[in-house]
Amino acid sequence: MNSPLISDASLPAPIPLRGSNVQARTKALRRFRELATGRPVLSLGGLLALLLLWEGGIALLEQNVPMAKMFAPAQALPDLVRLLAENQLTMHTLVSLRRVAVGLFWALVFGVPIGLAIGASSRLESATSGAFQFLRMISPLSWMPVAVMLFGIGDAPIYFLLSFAAVWPIILNTSAGVRQLDRRWLMLARSLSATRREILWKIVIPGSLGHILTGLRLAIGIVWIILVPCEMLGVSSGLGYFILDTRDRMAYSELMAVIVLIGALGFLLDTGAQRLHRHWARGRSSARH
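Attention in this report is confined to the structure presented alongside it. Predicted model, so just to flag it, every value in this text is computed and none were measured.

Cut-offs applied
- Residues numbered from 1 in each chain as written.
- Predicted model: local features only at pLDDT ≥ 70, side-chain atom pairs only at ≥ 80, totals over all residues.
- Heavy atoms only, no water.
- Helix = DSSP H or I, 4+ residues; strand = E, 2+ residues; numbered from the N terminus.
- Buried < 20%, exposed > 50% of the residue type's maximum accessible area, 1.4 Å probe, protein only.
- Contact = heavy atoms within 4.5 Å.
- Phe/Tyr/Trp six-rings, centres within 6.5 Å; stacked < 30°, edge-to-face > 60°.
- Axes fitted to C-alpha atoms, helices over the stretch in contact; angles between N-to-C directions.
- Parallel < 35°, antiparallel > 145°, perpendicular 65-115°, else oblique.
- Left-handed = near helix turned anticlockwise from the far one by under 90°.
- Nonpolar A, V, L, I, M, F, W, Y, C, P; charged D, E, K, R; others polar.
- Polar contact = N/O pair within 3.5 Å; in protein donor to acceptor, adjacent residues only side chain to side chain.
- Salt bridge = Lys/Arg side-chain N within 4 Å of Asp/Glu carboxyl O.

A short note on the overall build of the chain
Here comes step 1: Each helix and strand counted, the chain has eleven helices and zero strands in total.
Here comes step 2: When the helices and strands of the chain are read in sequence order from the N terminus, they spell out α-α-α-α-α-α-α-α-α-α-α.
Here comes step 3: Scored against the burial criterion, the 289 residues of the chain give a buried share of 33%.
Here comes step 4: In the chain, the proportion of contacts linking residues at least 24 apart, taken out of those at least 6 apart, comes to 72%.

What follows is the structure, given as structure tokens:
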């Protein structure tokens, strides 16, 4: 008598090995720890700590200064949401970002060629080092009266001040990038009868690009810091102007809301510059391999 056929569905499911379960749990636990101690989580924790310090500082000040409660996060953050929802800050934000872009543009136009020339010539570096260090140590804001007298009221003096502040880190980092180039590359290019233009665009600028991007990141931070006082030079738009307007209207919660927005925008600008540098670094690393 033939035995009945047994289907696969009637067979019991295989019992997983105990070791595989332990490995899976260990891997999941390790992944959870990496996420819990990762940079985004730590950054968020730092922001929450800053928010608590803000609230605690206002609570202490409120005991002696009753109006300090108007600067509290409970007042400022809802006002920031309202101002953004009502598009009251859109135009001022775009104007400020345009001024930053123009200032950085002119800083790059002047800073990169000067930095390339200084990095390529030790004599030029020695001749300009003292003058540039002297000018670099002068606060850009101290030039505000001079800028107004030369360029008048409007955007022109703001562009001058932002460019003047941003040009120095670009010059210094560009010249440092040229000096760190491997001289054997230049010797090889000359031995192959490469022209100066070819050496500049094929070796010097690509080899110095990382330092130029570092200078640009530093310039963005400097420009964003001095933007607000520069926008108090008789203009009628921009985040700096809006801060003056809130002060005159005694809308202190809105003032703090704009300060939070300025910090957030500055953080985003710096993050963008940092990611641009990382993208360049990854591209260079992959090109080498």
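Considering the packing of aromatic side chains
Here comes step 1: This structure, assessed with the given rule, holds eight aromatic pairs.
Here comes step 2: Seen in terms of ring centroids, F105 and W106 are 5.2 Å apart; in terms of plane orientation they differ by 70°. Their pairing is edge-to-face.
Here comes step 3: A network of ring pairs unites the aromatic residues F132, W143, F151, F160, F164 and W168 as a single cluster.

Thoughts on the packing of helix α6 (residues 144-151) against helix α7 (residues 155-179)
Here comes step 1: For the pair α6 and α7, the least separation of the axes is 9 Å and the interaxial angle reads 135°. Judged on the interaxial angle alone, α7 and α6 are oblique. Crossing angle aside, the handedness with which α6 passes α7 is right-handed. Note on element contacts: α7 touches α6 through A156, P157, F160 and L161, opposite M144, A147, V148 and F151.
Here comes step 2: The class makeup of the residues in the contact of α6 with α7 is eight nonpolar, no polar and no charged.

Quick look at the side chain of R99
Here comes step 1: With respect to the helices, strands and loops of the structure, R99 is situated in helix α4 (residues 90-120).
Here comes step 2: R99 sits in the buried class, given a relative accessible area of 1%.
Here comes step 3: Within polar-contact distance, the side chain of R99 engages the side chain of D155 at 2.8 Å.
Here comes step 4: In this view, R99 contacts D155, I158, Y159, L162, L227, E231, V235, S237 and G238; residues no more than four positions away in its chain are not counted.

Points about the side chain of D79
Here comes step 1: With respect to the helices, strands and loops of the structure, D79 is situated in helix α3 (residues 73-85).
Here comes step 2: Not counting chain neighbours up to four residues away, the residues in contact with D79 comprise S253, E254 and A257.

Overview of the pattern of salt bridges
Here comes step 1: Taken as a whole and assessed by the stated rule, the structure comprises twelve salt bridges.
Here comes step 2: Notably, a salt bridge pairs D79 with R82, separated by 3.6 Å at the nearest N-O pair. With D79 and R82 both in helix α3, this residue pair falls three residues apart, about one helical turn.
Here comes step 3: In this structure, R82 engages E86 in a salt bridge whose closest nitrogen and oxygen atoms are separated by 3.5 Å.
Here comes step 4: Taken together, the salt bridges that share partners define one network made up of D79, R82, E86, D245, R249 and E254.

A word on unusual backbone geometry
Here comes step 1: The backbone of N87 sits at a positive phi, close to 60°, despite the residue not being glycine.
Here comes step 2: Its relative accessible area of 53% is what places N87 among the exposed residues.
Here comes step 3: Backbone geometry at M250 places phi at a positive 55°, although glycine is not the residue there.
Here comes step 4: Mapped onto the elements of the fold, M250 is located in the loop between α10 (239-248) and α11 (252-288).
Here comes step 5: Accessibility expressed as a relative area gives 55% for M250, which makes it exposed.

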